[in-house]
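Analysis of the macromolecular model
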Amino acid sequence: MEENSATIQLKDINPLDFYGHQNAYINRISSFFPHLKLVARGNAIRVYGPDQKINLFKNKIELMFAYIQKHNSFGFDTIEQICNRNSNHADLKPYKKLETDVIVHGLGGKVISPKTSNQKKLVEKVLENDLVFVIGPAGTGKTYLSLALAVEALKTYRVKRIILTRPAVEAGEHLGFLPGDIKEKLDPYMQPLYDALQVMIPHVKLVQYIEKKIIQIAPIAFMRGRTLEEAFVILDEAQNTTQKQMKMFLTRMGKGSKFIVTGDLGQIDISKKADSGLLDAIDLFQNTKDIATVRFNEADVIRHHLVKKIIKAYQKSDSQKNGESSS
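First things first, this report covers the structure right here in the doc. Worth saying up front: this structure is predicted, and the values here are computed from it rather than measured.

Moving on, we get to the nonpolar core. Among the nonpolar cores identified, the biggest contains 36 residues, and Leu197, Ile215 and Phe232 are the most heavily contacted of them. Per-element accounting of this core gives the leading share, eight residues, to helix α6 (residues 142-155). Counting residues in hydrophobic clusters, the runner-up holds 25 residues, among them Ala6, Leu10, Phe18 and Tyr25.

What follows is the structure, given as structure tokens:
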């Protein structure tokens, strides 16, 4: 057979994760292809040998890349499974239809899935509707699950980008009084979104997504004038938007987009609570077709067990204060 060569780029896959410690993974892959010579350096694998064997090797490597893309994990078991099968990817275990309660796999293959009935309802409503409002107290997974759904949509090519936004005034703080340039001022408000994404997407890939603007994180003011098509868009902490901001945001929706609006009506930090854009929008669209509202409560809290008690205590205190003010 005539010998040939080909180069396979790792693209946005971390070479250290794919080659393994002291090249253990790439050496194991090589053992399945004794007729080929592999040279793995940096982000490229150079392969030498007969065309037919090279094509088979490339097919197997593509399956491994797809597995890593979907599951964020890789190891000897995956290598054995893919290299030992003389079949296409549809017959491999990782490519069977996912269980209904699995949204996406995070770092190390961690399964991210809804844990409560309301969280499952959120997943169902997002699949059925292009605009979903999600309200509830802290720790119920509103933002986390919404981000997981966005990452899943990006990985399965149902959207081309993820756009995450928040109002940039919270808890009595104003940008003008914070130190630093505009980026340094905004980063603290956006950090919870970065934190959640870092659990779902490897660091190298996340940086690349942000650099290429495949994932965009910006305050709500930066949404003005845009039309957001083929995007998964999440407005977080929406209770702190004004009615004008909410109208501006919702009218950014373009073809092929999904919008999720999350917020906690118990933590409205703008001066007049009645002016909350989230309160107004829920009232406006409560009976509108293709727009859904999912309400979480303390039973959906998945943080530290004390968070449920803290939420209940504040709810009781607020009820008592409201009762006193009414009387």
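With that out of the way, let us pick up the sheet that holds strand β7 (residues 161-166). Taken in spatial order, the six strands of this open sheet run β8-β7-β9-β10-β6-β11, and their pairing is parallel. Across the chains shown, the open sheet's two edge strands, defined by having one partner strand only, are β8 (215-219) and β11 (291-295). In this sheet, adjacent strand axes meet at a mean angle of 15° when their direction is disregarded. Examined bridge by bridge, strand β6 (residues 131-135) and strand β10 (residues 258-263) share five bridges and lie parallel to one another. If you follow Phe133 over to β10, its bridge partner there is Val261. Packing against the sheet, helix α10 (residues 277-284) makes contact with β6, β10 and β11, and its axis sits at approximately 125° to β6.

What follows concerns the environment of Asn55. As for its position among the elements, Asn55 is in helix α3 (residues 51-71). Since its relative accessible area comes to 48%, Asn55 is described here as partly exposed. Considered as a pair, Asn55 and Ala6 are 49 residues apart in the sequence and their alpha carbons are 9.2 Å apart.

Further remarks concern a nonpolar patch on the surface. Residues Leu306, Ile310 and Tyr314 make up a contiguous nonpolar surface patch of about 320 Å² in total accessible area. With respect to the helices, strands and loops of the structure, Ile310 is situated in helix α11 (residues 305-326). Assessed through its relative accessible area of 46%, Ile310 is described here as partly exposed.

Turning our eyes to something else, we now look at the packing of aromatic side chains. What the rule picks out here adds up to eight aromatic pairs. A ring pair is formed by Tyr25 and Phe74, whose centres lie 5.5 Å apart and whose planes are at 90°; its orientation type is edge-to-face. In this pair, Tyr25 sits in helix α2 (residues 24-31) while Phe74 sits in the loop between α3 and α4 (76-84), placing the two residues 49 residues apart along the sequence. We note that Tyr25, like Phe74, is buried. Relative to Phe285, the ring of Phe133 lies with its centre 6.3 Å away and its plane at 10°, an arrangement referred to as stacked. In this pair, Phe133 is assigned in strand β6 and Phe285 in the loop between α10 and β11, connecting sequence segments 152 residues apart. With relative accessibility at 0%, the residue Phe133 sits in the buried group. Assessed through its relative accessible area of 25%, Phe285 is described here as partly exposed.

Quick look at unusual backbone geometry now. One non-glycine residue, Lys213, adopts positive backbone phi at about 65°. As for its placement among the helices and strands, Lys213 is situated in the loop between α8 (203-211) and β8. Even without being a glycine, Glu237 presents a positive backbone phi close to 55°. Following the sequence through the fold, Glu237 ends up in the loop between β9 (231-235) and α9 (243-250).

Right, let's get into the pattern of salt bridges. Summed over all chains, the structure comprises six salt bridges. Put simply, Lys160 and Glu230 hold a salt bridge, and the shortest N to O gap is 3.4 Å. In this pair, Lys160 is assigned in the loop between α6 and β7 and Glu230 in the loop between β8 and β9, connecting sequence segments 70 residues apart. Owing to a relative accessible area of 58%, Lys160 belongs among the exposed residues under this scheme. One salt bridge in this structure joins Asp236 and Arg166, with 2.8 Å as the shortest N-O distance. Of this pair, Asp236 sits in the loop between β9 and α9 while Arg166 sits in strand β7, and the two are 70 residues apart along the sequence. Residues Asp236 and Arg166 agree in their burial class; the two are buried.

Further remarks concern the sheet that holds strand β3 (residues 44-50). Within the open sheet, the three strands sit side by side as β1-β3-β2. Their pairing is antiparallel. Looking at the sheet topology across the chains shown, the edges are occupied by β1 (3-9) and β2 (37-41). Averaged over all pairs of adjacent strands, the angle between strand axes in this sheet comes to 15°, irrespective of strand direction. Sheet topology places β1 next to β3; seven bridges connect them, and they run antiparallel. Bridge assignment links Thr7 to a residue of β3, and that residue is Arg46.

The rules behind the values
- Residues numbered from 1 in each chain as written.
- Predicted model: local features only at pLDDT ≥ 70, side-chain atom pairs only at ≥ 80, totals over all residues.
- Heavy atoms only, no water.
- Core = buried A, V, L, I, M, F, W, Y, C linked by side-chain atoms within 4.5 Å.
- Buried < 20%, exposed > 50% of the residue type's maximum accessible area, 1.4 Å probe, protein only.
- Helix = DSSP H or I, 4+ residues; strand = E, 2+ residues; numbered from the N terminus.
- Pairing = 2+ DSSP bridges.
- Axes fitted to C-alpha atoms, helices over the stretch in contact; angles between N-to-C directions.
- Contact = heavy atoms within 4.5 Å.
- Patch = residues over 30% accessible without salt bridge, like charges linked within 9 Å, V, L, I, M, F, W, Y side chains within 5 Å.
- Areas by Shrake-Rupley, 256 points an atom, 1.4 Å probe, with all protein chains shown as cover.
- Salt bridge = Lys/Arg side-chain N within 4 Å of Asp/Glu carboxyl O.
- Phe/Tyr/Trp six-rings, centres within 6.5 Å; stacked < 30°, edge-to-face > 60°.

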